[in-house]
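Read off the chains here:
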Amino acid sequence: MKRFFVSVIFGLFFLALVSPGLAQQQTPPQAQPVKQVAPPILVQNIKENIYQLRGAAAANTGVFIGEKEVVAIDSKMTEDGAAQMIAEIRKLTPLPIGHILLTHSDDDHVNGLLGFPQGATIVSHENARADMVKEKVFQSPRGLAYLPSVTFSDRVTFYLGNGSKSTRVDFLYFGPGHTDGDAVVYFPDQKVVFMGDLFFNTRD
């Protein structure tokens, strides 16, 4: 009987030593974070060679296809969203993206800039640029390269193309609105305007 109790005590002691290891082996591995995939972009022709791109988990963006270049209006929220935007532009035209016009500094309009190839002229109101400088994404050496290189205080006008085929684009500031740097992109010949977050119809 004494030998039986000794065996039982030894067995319990052995289990006490082994069970922590078994518990560790039986703990399920931590789930890996799932990369969020942005919803697909819906391309809508507004008028002539002007398009609206909706989706990619960000604000609507605009595209104007000129004679020699593309003008993008805002840049989506992420690099993945920008990549989707560029892929849709490539379905419309092989022309390079020459200008990116930023309606304001909210992250769902500007953070996708880092997904665009460098070389495009980035334009915003001076207050929008000042707001972007404060954001972490634009404080790294890579992010600094995507800060607007052209700003304005009241209005600036572009003529895209040559001669009678040129298209006028007005970039206008009317004062503080959604932010202190909201600007409106207006195509006077086509009577098309991009207002950023100064106007909401539906949110999707």
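Residue positions are given per chain, counting from 1 as you read along its sequence in written order. pLDDT decides what is reported in this predicted model: residues at 70 or higher carry local features, side-chain atom pairs at 80 or more are listed and counted, and totals for whole chains, interfaces and linings draw on all residues regardless. Computation of side-chain values: all heavy atoms of the structure, hydrogens and water removed.

> Any chance you could break down the overall build of the chain for me, citing the residues and the numbers?
Under the scheme used here, helices are H or I runs from DSSP no shorter than 4 residues and strands are E runs no shorter than 2 residues, and both carry numbers assigned from the N terminus. Counting secondary structure elements, the chain contains five helices and 11 strands. Out of the 204 residues in the chain, the part that is buried amounts to 39%. When contacts within the chain are restricted to residue pairs at least 6 apart in sequence, long-range pairs at least 24 apart make up 50% of them. Only the protein chains shown count as cover for residues, and the accessible areas themselves come from Shrake-Rupley with a 1.4 Å probe. Within the structure as shown, the chain displays about 12100 Å² of accessible surface, and the carbon and sulfur contribution to it stands at 58%. Relative accessible area decides the class of each residue, using a 1.4 Å probe on protein chains only: under 20% of the type maximum gives buried, over 50% gives exposed, and in between gives partly exposed. Every residue pair with non-hydrogen atoms within 4.5 Å of one another is taken to be in contact.

> Quick rundown of the nonpolar core? Include the residues and the values.
Where a protein is soluble and globular, its nonpolar side chains tend to be buried together. Buried residues of nine kinds, namely Ala, Val, Leu, Ile, Met, Phe, Trp, Tyr and Cys, make up a nonpolar core once their side-chain atoms join them within 4.5 Å. Membership of the largest hydrophobic core comes to 25 residues, with the highest contact counts inside it found for Val63, Met85, Ile97, Ile100, Leu113, Phe116 and Phe138. Counting residues per element, the ones that place at least two in this core are strand 2 (50–55), strand 3 (58–65), strand 4 (70–73), helix 2 (79–92) and strand 5 (97–101). Element by element, the count of residues in this core is highest for helix 2, at four residues. Other than its neighbours up to four places away in sequence, Phe116 contacts Ala72, Ser75, Ala82, Met85, Ile86, Ile97, Ile100 and Tyr146. One finds Ile73, Val123, Phe187 and Phe194 within the second-largest nonpolar core, a separate group that totals 17 residues.

> So what's going on with the packing of aromatic side chains? Residues and values would help.
Pairs were defined over the aromatic rings of Phe, Tyr and Trp, the Trp ring being its six-membered one, requiring ring centres within 6.5 Å. Orientation was assigned from the angle between planes: stacked under 30 degrees, edge-to-face over 60, tilted for the rest. Under the definition given, this model contains three aromatic pairs. Measuring from ring centre to ring centre gives 5.3 Å for Phe64 and Phe187, while their planes differ by 35°; the resulting arrangement is tilted. Here the residue Phe64 occupies a position in strand 3, and Phe187 occupies one in strand 10 (residues 184–187), the gap between them amounting to 123 residues. Its relative accessible area of 0% is what places Phe187 among the buried residues. With a centroid separation of 6.4 Å and 75° between ring planes, the pair formed by Phe187 and Phe194 is classed as edge-to-face. Residues Phe187 and Phe194 agree in their burial class; the two are buried. A network of ring pairs unites the aromatic residues Phe64, Phe187 and Phe194 as a single cluster.

> Lay out helix 4 (residues 126–133) with the relevant residues and their values.
Buried residues of helix 4: Ala128, Asp131 and Met132, and no others. The buried residues of helix 4 all sit within an arc of 100° when viewed along its axis, so they share a single face. Contacts made by the buried residues of helix 4 are with helix 3 (107–110) and strand 6 (121–125). As used here, the arc belongs to the directions running from the helix axis to the C-beta atoms.

> Go over the side chain of Lys76, please, and point to the residues and values.
For Lys76, the position within the fold is in the loop between strand 4 and helix 2. Looking at Lys76, the relative accessible area reads 0%, which means it is buried. Here Ala59 takes part through its backbone oxygen, which lies 2.9 Å from a polar atom of the side chain of Lys76. N or O atoms within 3.5 Å of each other form a polar contact, as long as, within protein, one can give a hydrogen and the other can take it, and as long as residues adjacent in sequence are counted only when both atoms are side-chain atoms.

> How would you explain the pairing of strand 3 if you had to name every residue and give the values?
Taking burial as the measure, the eight residues of strand 3 include seven buried ones, the bulk of the element. Summarising the sheet, strand 2 and strand 3 pair through five bridges and their orientation is antiparallel. Residue pairing for strand 3: Gly55 is matched across the bridge by Ala58. When DSSP finds two or more bridges between two strands, those strands count as paired. Counted between consecutive antiparallel strands, the loop separating strand 2 from strand 3 contains two residues, among which Ala56 sits at a positive phi close to 65°. In sequence, strand 3 turns back onto strand 4 through a hairpin of four residues.

> Requested: an account of the pattern of salt bridges, with residues and values cited.
Take a side-chain nitrogen of Lys or Arg and a carboxyl oxygen of Asp or Glu: if they are within 4 Å of each other, that pair is a salt bridge. All told, the structure shown has four salt bridges when counted by the stated rule. Here Lys91 and Glu88 are joined by a salt bridge, their closest N and O atoms 3.1 Å apart. Highlighted residues: Lys91 and Glu88, both in helix 2, separated by three residues, approximately one helical turn. Accessibility expressed as a relative area gives 63% for Lys91, which makes it exposed. In this structure, the salt-bridge partner of Arg168 is Asp170, at a minimum N-O distance of 2.9 Å.

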